[in-house]
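Geometric and topological summary
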There are 2 protein chains.
Amino acid sequence: MKKTTSDPRSNDLIAALWDTEEHSWLPQLEAIDMPLGEVLFDSGDTLKYVYFPTTAVISLMYVLESGATAETAVVGHEGVVGISLFMGGESALNSAEVRIAGNGYRLKADTLMEEFQRCGAVQHLLLRYTQALLAQMSQTAVCNRHHTVDQQLCRFLLQSLDRLQGNEIAMTQELIANSLGVRREGVTAAATGLQKAGLIRYARGQISVLDREGLEERSCECYAVVRDKYEEVLSGTVDDAVCPLKADAPAAQR
Amino acid sequence: MKKTTSDPRSNDLIAALWDTEEHSWLPQLEAIDMPLGEVLFDSGDTLKYVYFPTTAVISLMYVLESGATAETAVVGHEGVVGISLFMGGESALNSAEVRIAGNGYRLKADTLMEEFQRCGAVQHLLLRYTQALLAQMSQTAVCNRHHTVDQQLCRFLLQSLDRLQGNEIAMTQELIANSLGVRREGVTAAATGLQKAGLIRYARGQISVLDREGLEERSCECYAVVRDKYEEVLSGTVDDAVCPLKADAPAAQR
DNA sequence: TGCGTTATGTGTGGTGGCGTACAGACAGGC
DNA sequence: GCCTGTCTGTACGCCACCACACATAACGCA
């Protein structure tokens, strides 16, 4: 372990748990590459690992029978991919696909489950994170119903930006279209608009965000709502995160 | 307590936990009426209770700044309202509104939390249920993106039907429109179509489903996907639901 | 240098749903 | 009986987005 991107603590959840007493599992984190387009798992798969992105960004995608797709949530360094595991589902709800190449860590399913079932800080934090993910999915549902492609593109860019360093996003319009569940041409139109308004610059899969505030204004409320929810849910200190019963009763009890 | 609707076991989650050793909290369930339109809590509220519907049906609604609404999930006798509580959020994500009048039970937040934190059957079952709810929300997101009002109305009616006895649904088109997040006229058009096709009969807030299978065919895949997920997740026996650590340590998950 | 591949811009016509407006139809209260 | 509020049906113009079809432009590699 040397620098930021190869430090597990680049993932916020891992960072939050780094100094708790329950960290025997931390050395078992396995650094991995997450190349663009890689599918971590498909809908219905049994999970062998959970994934903690650091520089990569992962889409939770749903694929309809018709082949149409839509992203239901996005996960970056603030989160973890594979919550179905500890939520007790036999199989994954969505497929998870790398949308922005980068790095991350994975942890064996067994290892995570052992920690989760101690009913301590790990469990508490993961559940809080799941709560935020729920908020994101529910907001996505509403956003898909009521907001225009233009607004959603702004939201999408902002959500991506928050999970990256700098203000460059490497992503084609085609890929964005698949994520938003709209046609590529629709994204072209919206992106052209943003470019003309001077908010972004676009060049063959490279987007430079020139005016973040402008994007925020043009975006629908969904961006801010979800961001705030993440802050609320994940800002709880790890002290808070310790299971209240743990003090007086043995941690792993019944 | 006398008959079916006034037996807490009319709620599937309660029924599943009825015979476990951890049932000291069951007598604390408080029977309540859930009249049409009642708001159990609003988005952002701190939860004082969780609610177990029996005959009532509850919508988890999101209200946008513009005033537009959309349902993100629906809960009936198969579930519980107020998951934010045990997921560790300070406040509710959505508002919860009674969409079909009926009965249910409520439980004090503190009481539920105590049981949840025992890390036993209660926790396991609630998490599995939350997983199903997540599936529903994510499916709603995709459905809102890709499916027509016509398809969604079918899904909506089927989901309502599953939570009721008989084949009568008491609901105005206005209310359905608010749930689906579309105009009332859109619902009128779709409902007229269903009526002409002989699938339903409509009369001033009373819908009779005449051909359930027809509705299923006309519905989008979302209905079946979510239904199956609920079955998968909630069919796990309560034995499965007991925390593996409880028996003794290494029994950890499958 | 040239050619295929990938990424983006544009155009035309069709459709689903929206906003608005209004008309009939039924129910319940007086 | 009548009246009023609620519920449902219909119509018109509009816009966002779709499906399909092409044109253009940049890059990457032989």
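For the structure itself, consult the block above.
Residues numbered from 1 in each chain as written. Chains lettered and ligands numbered in written order. Predicted model: local features only at pLDDT ≥ 70, side-chain atom pairs only at ≥ 80, totals over all residues. Heavy atoms only, no water.

Points about the nonpolar core
Counting 99 residues, the largest nonpolar core has A:Leu40, A:Phe52, A:Val81, B:Leu40, B:Phe52 and B:Val81 as its most contacted members. Ignoring any residue separated from it by four or fewer positions in sequence, one finds A:Phe52 in contact with A:Asn11, A:Leu13, A:Ile14, A:Leu29, A:Gly79, A:Val80, A:Gly104, A:Tyr105, A:Leu107 and A:Leu112. (Core = buried A, V, L, I, M, F, W, Y, C linked by side-chain atoms within 4.5 Å. Buried < 20%, exposed > 50% of the residue type's maximum accessible area, 1.4 Å probe, protein only. Contact = heavy atoms within 4.5 Å.)

Comments concerning the packing of aromatic side chains
Residue and element names in this part refer to chain A. Under the criterion given, the structure shown has six aromatic pairs over all chains. Centroid distance Tyr49 to Tyr51: 6.3 Å. Interplanar angle 50°. Geometry classified as tilted. Tyr49 sits in the buried class, given a relative accessible area of 17%. Assessed through its relative accessible area of 8%, Tyr51 is described here as buried. When the ring of Phe86 is compared with that of Phe116, the centres are 5.0 Å apart and the planes differ by 25°; the resulting orientation is stacked. (Phe/Tyr/Trp six-rings, centres within 6.5 Å; stacked < 30°, edge-to-face > 60°.)

As for the protein's contact with DNA strand D
Close to DNA strand D lie 16 residues, the nearest being A:Val149, A:Arg183, B:Gln173, B:Arg204 and B:Gly205. Considering DNA strand D, the proportion of its atoms within 4 Å of the protein that are sugar or phosphate atoms stands at 50%. Contacts to DNA strand D include A:Glu185, whose side-chain N or O atom sits 2.9 Å from a base nitrogen. Between DNA strand D and the protein, one listed contact pairs a phosphate oxygen with a backbone N or O atom of B:Gln173 at 2.8 Å. (Near = heavy atom within 4 Å. Polar contact = N/O pair within 3.5 Å; in protein donor to acceptor, adjacent residues only side chain to side chain.)

Considering helix α9 (residues 222-234) of chain A
One turn of the α-helix equals 3.6 residues, which is why residues spaced by three or four share an orientation. Residues and elements named next belong to chain A. The terminal C-alpha atoms of α9, which comprises 13 residues, lie 18 Å apart, in line with the 18 Å expected from a rise of 1.5 Å per residue. Within α9, burial applies to Cys222, Tyr223, Val226, Lys229, Tyr230 and Val233. The buried residues of α9 occupy an angular sector of 140° when the element is viewed end-on, so they sit on one face. Against the buried residues of α9 lie β5 (69-75), α4 (121-146), α5 (149-161) and α8 (212-218). (Helix = DSSP H or I, 4+ residues; strand = E, 2+ residues; numbered from the N terminus. Expected span 1.5 Å × (residues − 1). Arc of directions from axis to C-beta.)

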